[in-house]
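Single-letter residue listing:
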Amino acid sequence: MNPFALYIHVPWCLKKCPYCDFNSHKSPEVIPEKAYIQALIDDLTQDLTQCQARPITSIFIGGGTPSLLSASIYHDLFEAIQQQLVFAENIEITLEANPGTVEQQRFIDYKAVGINRLSLGIQSFNPKQLSILGRIHDATQAHKAIESAHRAGFNRINLDIMHGLPGQSIEQGLDDLTTAIMHNPEHISWYQLTIEPNTVFYKTKPTLPSEDTAYHLEEEGFARLHQAGYSRYEISAFTKPHGASRHNLTYWHYGDYLGIGAGAHGKFTTHQGIFRTQKHRQPKEYLNPEKPFLSEVKEVTQKELLFEFMLNTTRLEQAIPIDLFSQTTGLDSAILLSQIEIASNKKLISITDTHWQVTPLGRQFTNDLQALFLS
Ligand SMILES: C[S@@+](CC[C@H](N)C(=O)[O-])C[C@H]1O[C@@H](n2cnc3c(N)ncnc32)[C@H](O)[C@@H]1O
Ligand code: SF4
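Residues numbered from 1 in each chain as written. Chains lettered and ligands numbered in written order. Predicted model: local features only at pLDDT ≥ 70, side-chain atom pairs only at ≥ 80, totals over all residues. Heavy atoms only, no water.

Participant: Explanation requested: helix α2 (residues 71-82) in the structure shown.
Facilitator: In an α-helix there are 3.6 residues to a turn, and that puts residues three or four apart on one side. In this model α2 runs 17 Å from its N-terminal to its C-terminal C-alpha over 12 residues, within 8% of the 16 Å that 1.5 Å per residue would give. Turning to α2, its buried residues number three or more, namely A71, I73, Y74, L77, F78, A80 and I81. Buried positions along α2 lie against β1 (4-10), α1 (33-47), β4 (56-63), β5 (87-97) and α3 (104-112). (Helix = DSSP H or I, 4+ residues; strand = E, 2+ residues; numbered from the N terminus. Expected span 1.5 Å × (residues − 1). Buried < 20%, exposed > 50% of the residue type's maximum accessible area, 1.4 Å probe, protein only. Contact = heavy atoms within 4.5 Å.)

Next up, the structure:
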């Protein structure tokens, strides 16, 4: 059976970062924790009237800044979820935490309520870069957060690090990566900064490193990660053996997931078809009892299915079974094969009798590769 995941969105942050286009809002003085948890539970109940429940293999609590909420709130939430959904054995439960919002006791408490993977938003260890990025933490807090997470007993830790930052040199980018590696996390997400519409950076247009600098930083960074025992399994995701994020793999394998919380997206399969859901983005609207949680539910058309499937699976480094397409979309794999032959002729994908895989050239031109499946 295809994995089935649950995404939970927490839409508040202490401060909005100038590069961020996630659904995050400045937190009120007092976060309405109890009302929000009740809304999440009701939201889940409503989703489950539309799709058939199966045991969930992972939960990802993302944001926003989920570490603004206390462990006892997550305890209550998990108990309520388990009245509606079965937790699969070895369920992966990840929480995104921001340095500057956590101290050791909070990590210990998170672990005690069943959270077994932490994703820490470090971004950089460089004081100047942290300030340009508008982060609420400094370098000391970044180091402390990682050490506290280790000491609290978390062995599944991801560090989010960004590169290609305003004015960043190759050496500075590599320093951040080397410092992250030194902390020996199981997983590193190494994202290149993108300038998104509706962000402060989009208006202020900071000077980013040249394409050439970005290219050389990436090449050297990939080599360092590899030498340190991290394998790249997705565009920006690197892991020690067996440490891949099961939750993210569900997205990239075009699996099903429910998305609850303000602005959360979901995707699920029923006998009628494949549906995408989105919830109201504004916390006030989401919490308004007069309004439904859902802002949109939409069936994915046959034409969109192939594109969406390829958009997700081409992010992965590993070979993908040809059958995964029919398993997840219900469509004939012949539709996929005729299209990937075009990519194979351009040397962007290689094909065997049973699998296909993005080539190194395809990885260099992932956007062009994905665009082949648009028509
Ligand atoms: C859901 S976000 C936020 C997690 C957490 N609130 C934080 O900022 O620490 C997950 C990660 O996406 C990355 N990210 C956010 N905006 C980005 C951008 N414009 N370009 C590249 N990476 C970005 C950051 O590394 C961030 O930690
Ligand atoms: S803390 Fe994270 S989610 Fe919040 S504004 Fe900054 S990048 Fe966005």
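The discussion continues.
Participant: Would you mind showing me how to read the site of ligand 1 here?
Facilitator: Taken together, the neighbourhood of ligand 1 is formed by 15 residues, with G64, Q123, R135, D160 and T194 sitting nearest. Within the contact set of ligand 1, an oxygen atom lies 2.6 Å away from a side-chain nitrogen or oxygen of D160. Mapped onto the shell around ligand 1, the elements with two or more residues apiece are β6 (117-123), β7 (157-163) and β8 (187-192). Class assignment for the residues of the shell around ligand 1 results in 5 nonpolar, 7 polar and 3 charged. (Near = heavy atom within 4 Å. Polar contact = N/O pair within 3.5 Å; in protein donor to acceptor, adjacent residues only side chain to side chain. Nonpolar A, V, L, I, M, F, W, Y, C, P; charged D, E, K, R; others polar.)

Participant: In this structure, what is going on with the sheet that holds strand β16 (residues 349-351)? I would like to understand it.
Facilitator: Each strand in a sheet pairs with its neighbour through backbone hydrogen bonds, running either in the same direction (parallel) or in the opposite one (antiparallel). Here 3 strands make up an open sheet; going across it, the order is β15-β17-β16 and the pairing antiparallel. Each edge of the sheet is formed by a strand with only one pairing partner; in this case those strands are β15 (320-321) and β16. Looking at chain direction, β15 and strand β17 (residues 355-358) are connected through 2 bridges and run antiparallel. Counted as the bridge partner of P321 is H355 from β17. (Pairing = 2+ DSSP bridges.)

Participant: In this structure, what is going on with the pairing of β7? I would like to understand it.
Facilitator: The buried count for β7 comes to 7 of 7 residues, which makes it a mostly enclosed element. Relative to β7, β6 runs parallel, the two being bridged by 5 bridges. Following the sheet pairing, S119 is matched in β7 by N158. Sheet topology places β7 next to β8; 6 bridges connect them, and they run parallel. Along β8, the bridge assignment pairs D160 with S189.

Participant: Help me understand the side chain of H9, please; the structure alone is not making it clear to me.
Facilitator: Along the chain, H9 falls in strand β1. Residue classification places H9 among the buried positions, given a relative accessible area of 4%. Beyond its immediate chain neighbours, meaning those up to four positions away, H9 contacts N23, Y36, L40, G62, G63, G64, I260, G261, A262 and A264.

Participant: It is not clear to me how the packing of helix α6 (residues 170-182) against helix α8 (residues 211-227) should be interpreted in this structure. Could you clarify?
Facilitator: Each pair of packed helices can be described by the angle between their axes along with the distance between the axes. With their axes 9 Å apart at the nearest point, α6 and α8 run at an angle of 25° to one another. One element, α6, and the other, α8, form an angle in the roughly parallel class. Between α6 and α8 the crossing geometry is right-handed. Residue-level contacts link I170, G173, L174, L177, T178 and I181 of α6 to T213, H216, L217, E220, G221, R224 and L225 of α8. (Axes fitted to C-alpha atoms, helices over the stretch in contact; angles between N-to-C directions. Parallel < 35°, antiparallel > 145°, perpendicular 65-115°, else oblique. Left-handed = near helix turned anticlockwise from the far one by under 90°.)

Participant: What am I meant to see in the packing of helix α11 (residues 302-313) against helix α13 (residues 333-345) here?
Facilitator: Packing of α11 against α13 leaves a shortest axis separation of 11 Å and a crossing angle of 60°. Looking at the two axes, α11 sits oblique to α13. Crossing hand, α11 versus α13: right-handed. Taking contact as the criterion, the partners of L306, F309 and M310 in α11 are, on α13, L336, Q339 and I340. Across the contact of α11 with α13, the residue classes tally to 5 nonpolar, 1 polar and no charged.

Participant: Would you take a moment to explain the pattern of salt bridges for this structure?
Facilitator: Pairing of side chains with opposite charge becomes possible as their charged atoms draw close. Tallied over the entire structure, the rule returns 12 salt bridges. With a closest N to O distance of 3.0 Å, E186 and R156 form a salt bridge. Note that E186 is positioned in the loop between α6 and β8 and R156 in the loop between α5 (139-151) and β7, a separation of 30 residues in sequence. One exposure class covers both E186 and R156, and it is buried. Salt bridges sharing partners connect three or more residues here, namely D43, D47 and K279. (Salt bridge = Lys/Arg side-chain N within 4 Å of Asp/Glu carboxyl O.)

Participant: How should I be thinking about the packing of aromatic side chains in this particular structure?
Facilitator: Two aromatic rings, taken as a pair, are described by how far apart their centres are and by the angle between their planes. Under the criterion given, the structure shown has 15 aromatic pairs. Relative to F78, the ring of Y74 has its centre 6.3 Å away and its plane inclined at 25°; by these criteria the two rings are stacked. Placement of the pair is Y74 and F78 together in helix α2, with a separation of 4 residues, close to one helical turn. Judged by its relative accessible area of 1%, Y74 falls in the buried class. (Phe/Tyr/Trp six-rings, centres within 6.5 Å; stacked < 30°, edge-to-face > 60°.)

Participant: Looking at this structure, I do not really get the nonpolar core. What am I missing?
Facilitator: Soluble, globular proteins show a tendency: their nonpolar side chains are buried together. By size, the foremost hydrophobic cluster in this structure holds 67 residues, and its most contacted members are Y74, I81, F107 and I115. It is α2 that contributes the most residues to this core, 7 residues altogether. One finds Y254, V300, I340 and A343 within the second-largest nonpolar core, a separate group that totals 27 residues. (Core = buried A, V, L, I, M, F, W, Y, C linked by side-chain atoms within 4.5 Å.)

Participant: Any chance you could explain the environment of L118 here in plain terms?
Facilitator: As for its placement among the helices and strands, L118 is situated in strand β6. A relative accessible area of 0% places L118 in the buried class. When neighbours within four sequence positions are excluded, L118 is seen to be in contact with L95, F107, A149, F154, R156, I157 and N158.

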